[in-house]
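# Close look at the chain arrangement
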Amino acid sequence: MSAFDKQPENNNFLSPLGFRFIVKKLPIVNFYCQSASLPSVSLQETEIPNPLVRIPLAGTKLTYAPLDIRFRVDEDMKNYLEIYNWMQGLGTPTDIEQYKALNKESEGVRPTAGTGKMGNVMQGVFSDGGLVILTSAQNANIRINFVDLYPINLSPLQFDVTGTDVAYLEADATFNYRQFTVASA
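Values in this document were obtained by computation on a predicted structure and should not be read as measured data.

What counts and how
Residues numbered from 1 in each chain as written. Predicted model: local features only at pLDDT ≥ 70, side-chain atom pairs only at ≥ 80, totals over all residues. Heavy atoms only, no water. Helix = DSSP H or I, 4+ residues; strand = E, 2+ residues; numbered from the N terminus. Buried < 20%, exposed > 50% of the residue type's maximum accessible area, 1.4 Å probe, protein only. Core = buried A, V, L, I, M, F, W, Y, C linked by side-chain atoms within 4.5 Å. Contact = heavy atoms within 4.5 Å. pLDDT = per-residue confidence, 0-100. Salt bridge = Lys/Arg side-chain N within 4 Å of Asp/Glu carboxyl O.

## Focus: the environment of Pro156
- Looking at the element boundaries, Pro156 is found in the loop between β7 (140-154) and β8 (170-176).
- By relative accessible area, which is 69% here, Pro156 ends up exposed.

## Some thoughts on unusual backbone geometry
- Phi at Met77 takes a positive value of approximately 60 degrees, unusual for a residue other than glycine.
- Phi angles above zero are rare outside glycine, and Asp148 is one such case at about 55 degrees.
- With relative accessibility at 22%, the residue Asp148 sits in the partly exposed group.

## Overview of the nonpolar core
- In terms of nonpolar packing, the biggest core is built from 27 residues, with Phe21, Leu67, Ile69, Phe71, Ile83, Phe146 and Phe175 touching the most fellow members.
- Contributions of two or more residues to this core are made by β1 (19-23), β5 (67-72), α2 (78-91), β6 (127-134), β7 and β8.
- If you tally residues by element for this core, the top one is β7, at 4 residues.
- Ignoring sequence-local partners within four residues, the contact set of Phe71 consists of Val29, Tyr32, Cys33, Gln34, Asn79, Tyr80, Ile83, Leu154, Leu169, Glu170, Ala171 and Ala173.

## Description of the confidence of the model for the protein chain
- When pLDDT is averaged across the protein chain, the result is 85; 87% of the residues are at 70 or more.
- Within the model, pLDDT remains below 50 along residues 106-120, and this stretch shows 10 contacts once partners closer than five positions in the same chain are excluded.

## Focus on the pattern of salt bridges
- Scanning the model with the defined rule gives 6 salt bridges in all.
- For Arg70, the salt bridge is made with Glu170, and the minimal N-O distance between the two is 3.8 Å. Placement of Arg70 in strand β5 and of Glu170 in strand β8 is noted, with a sequence separation of 100 residues between them.
- Residue Arg70 is classed as partly exposed on the basis of its relative accessible area, which comes to 34%.
- Residue classification places Glu170 among the partly exposed positions, given a relative accessible area of 29%.
- Between Arg178 and Asp148 there is a salt bridge, with the nearest N and O atoms lying 3.1 Å from each other. Linking Arg178 in the loop between β8 and β9 (179-184) with Asp148 in strand β7, this pair joins segments that are 30 residues apart in sequence.
- Counted as one network, the salt bridges with shared partners bring together Arg70, Arg72, Glu170 and Asp172.

Below, the structure written as structure tokens:
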């Protein structure tokens, strides 16, 4: 069997237009998402000590880059505030109500197996998310599942009256997460 006998089953290329971004805690951001990047993954390496030549070996720890998205901000800023309020509850709540609001949707939710008591406490801090990649026919094909996602950066909004055309505001958000997995949709 030669290399020419192993032809791909699907000759369609991956389109950058075919995706859906989904995070349970961010329904309005999901709707207005304009772009999302599949983060890079790197494998740390190790070396075998040798006085003559460097001998690299595959490491044992994966490092995931942050997830970046861009979304168009709605007129009421509800999608911007979804992320802002989540970050406010995580970072510096000024009263207990902000932290309670962060954990409100986790009430009555059972923790994931093996998480114990901390699972219930941390349930509102994290949210699982996904990037659904579509086929050329706009059908769900692959789902990238992000585990324990939380926001770490929200870009500024630049208001400017000097523009000649209306350029609707967009914001960038960056998320950290524990890992991502790839599955068929």
